[in-house]
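Residue-level listing of the chains:
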Amino acid sequence: MTTGELNITRILRSRGIAWLMIVVSVISAWMACRHFNVSPLPSTRGLIFSISWSDLDDSCLSSLLNMAGNAAIVFIMWLINRTFNIIRSVSWFFLGFFMIIQMSVPATMVNFGDGTILCILMLCVMMLIYSIYMEPWQTKRIFLAFFILGSGALMQYAYMAYVPVLLAGCAQMRVLTFRTILAALVGIVTPTWILWGFGIADLGDFDLSIIMGNFASFSRHDFVVMASTVGVTLIAGLIFGVTNLIKVYSYNARSRALNGLMALLSMATGALCIVDFANLPTYIPLLNCCVAFQTGIFFRINGQRRAYLPVLILIIVYSMLYSWNISL
């Protein structure tokens, strides 16, 4: 690499650039909220309860809540990398890149909804699973992880799709035993058991026919742009993920397990975006988070091979998608 290319790589890895991307994303999202027509998120339903996010009539309140949610996501991503060294770098680039991807879909960036909550809770669950590597006696943490999924599923069915992902994650962490499986099952059932015990809900309240989305609040333009943006993210995640796995395979067992679980979560979320496309807004923040991690790993591994080129191209593409989103 030439001196100029090395300088570009160093600049992209700097903390200042990460903060610049975060600030630009927040300002762009706020402008979209204040000056352009951003569709509200559709209502969704869980196994028992339903939530209508359109009830947040004050768009500023919804935006402030979601900005706080995005700040929490960025902080947890930073904490995961600092604690478990997923990217093997102290660079904050992946945090700024996450916010750039978020900015490209203003509807999920400025509206508080299921997607933000799902992303925050799944990151917390990932931290719990990461923390028990080769420690099968940590059944309390496994119980808590699946308790979170069981609780979330009562309000958004998407959480149930991640139960097999976490069980596979337990196997990768080498903690899948009869006791851990039992702790997981108890964790899933306990939220419903608590509600039943307090008379808040009954088994007859379960509605398994709710596995369907609702795009009534989205125009054709919004749906096409959102699907196109997710398509770009899926392709980027697939390319970076496959490239990373080739290198990650040479790491030690612990690093392979941690990165393998992140790759598994990325693939599962990408598959859910396709299979359950009617519930797409729910998966977008978590998909963006996973792809940001994969991009950060790719940039770290290929830093000496002009990795800045695909990264810069993606930043430009997402900026164009943002402009497309607010064009009508």
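Coordinates for the structure precede this section.
Computed from a prediction, not measured in an experiment: that's the story for all the values here.

**Q** Would you mind showing me how to read the overall build of the chain here?
**A** For the chain, the helix and strand inventory stands at 13 helices and 2 strands. In the chain, the share of contacts with a sequence separation of at least 24, taken over all contacts with a separation of at least 6, comes to 83%. For the chain, the exposed area adds up to about 14800 Å²; of that, 69% sits on carbon and sulfur atoms.

**Q** Is there a simple way to explain a nonpolar patch on the surface in this structure?
**A** A contiguous nonpolar surface patch, about 380 Å² in accessible area, is contributed by Trp19, Val23, Ile27 and Met31. Summarising the element assignment, Trp19 is placed in helix α2 (residues 15-35). Accessibility expressed as a relative area gives 45% for Trp19, which makes it partly exposed.

**Q** How do you make sense of the packing of helix α6 (residues 114-130) against helix α7 (residues 139-153) when you look at a structure like this?
**A** Two numbers describe a pair of packed helices, the interaxial angle and the distance between the axes. Between α6 and α7, the least distance of the axes is 9 Å, while the angle of their chain directions is 165°. Between α6 and α7, the angle falls in the class roughly antiparallel. Crossing angle aside, the handedness with which α6 passes α7 is left-handed. Contacts between α6 and α7 involve Leu121, Met122, Val125, Leu128 and Ile129 from the former and Arg141, Leu144, Ala145, Ile148 and Leu149 from the latter. In terms of residue class, the contact of α6 with α7 is built from 9 nonpolar, no polar and 1 charged.

**Q** Looking at this structure, how should I read the side chain of Asn302?
**A** Its place among the elements puts Asn302 in the loop between α12 (280-301) and α13 (308-325). Setting aside residues up to four positions removed in sequence, Asn302 forms contacts with Thr243 and Ala307.

**Q** Where do I start with helix α11 (residues 253-275) in this structure?
**A** Helical geometry note: an α-helix holds 3.6 residues per turn, so side chains three or four residues apart project in the same direction. For α11, which comprises 23 residues, the first-to-last C-alpha distance of 32 Å matches the rise-based estimate of 33 Å (1.5 Å per residue) to within 8%. A side-chain oxygen of the first residue of α11 lies 3.3 Å from the backbone nitrogen of Arg254; this N-cap is Asn252.

**Q** Teacher, can you tell me more about a positive patch on the surface here?
**A** On the surface, Arg88, Lys247, Arg300 and Arg305 cluster together into a patch of positive charge. Relative to the helices and strands, Arg88 is located in the loop between α3 (59-84) and α4 (93-103). Judged by relative accessible area, Arg88 falls into the partly exposed class, the value being 31%.

**Q** Looking at this structure, I do not really get the packing of aromatic side chains. What am I missing?
**A** Applying the stated criterion across every chain yields a total of 9 aromatic pairs. Note on Phe75 and Trp78: the rings are 5.7 Å apart at their centroids and 35° apart in plane angle, and the pair reads as tilted. Of this pair, Phe75 and Trp78 both sit in helix α3, 3 residues apart, which is roughly one turn of the helix. Look at Trp78 and you get partly exposed, because its relative accessible area is 24%. In textbook terms, an aromatic cluster arises when at least three aromatic residues are bridged by ring pairs, as seen for Phe93, Phe97, Phe299 and Tyr318. Its end group placed over the ring of Trp92, Arg15 keeps NZ or CZ at 4.4 Å from the ring centre. Across the ring face of Tyr251, the terminal group of Arg88 is positioned such that the distance to the ring centre comes to 3.7 Å.

The rules we used
Residues numbered from 1 in each chain as written. Predicted model: local features only at pLDDT ≥ 70, side-chain atom pairs only at ≥ 80, totals over all residues. Heavy atoms only, no water. Helix = DSSP H or I, 4+ residues; strand = E, 2+ residues; numbered from the N terminus. Contact = heavy atoms within 4.5 Å. Areas by Shrake-Rupley, 256 points an atom, 1.4 Å probe, with all protein chains shown as cover. Patch = residues over 30% accessible without salt bridge, like charges linked within 9 Å, V, L, I, M, F, W, Y side chains within 5 Å. Salt bridge = Lys/Arg side-chain N within 4 Å of Asp/Glu carboxyl O. Buried < 20%, exposed > 50% of the residue type's maximum accessible area, 1.4 Å probe, protein only. Axes fitted to C-alpha atoms, helices over the stretch in contact; angles between N-to-C directions. Parallel < 35°, antiparallel > 145°, perpendicular 65-115°, else oblique. Left-handed = near helix turned anticlockwise from the far one by under 90°. Nonpolar A, V, L, I, M, F, W, Y, C, P; charged D, E, K, R; others polar. Expected span 1.5 Å × (residues − 1). Polar contact = N/O pair within 3.5 Å; in protein donor to acceptor, adjacent residues only side chain to side chain. Lys, Arg positive; Asp, Glu negative; His and termini not counted. Charge placed at Lys NZ, Arg CZ, Asp CG, Glu CD. Phe/Tyr/Trp six-rings, centres within 6.5 Å; stacked < 30°, edge-to-face > 60°. Lys NZ or Arg CZ within 6 Å of the ring centre and 35° of its normal.

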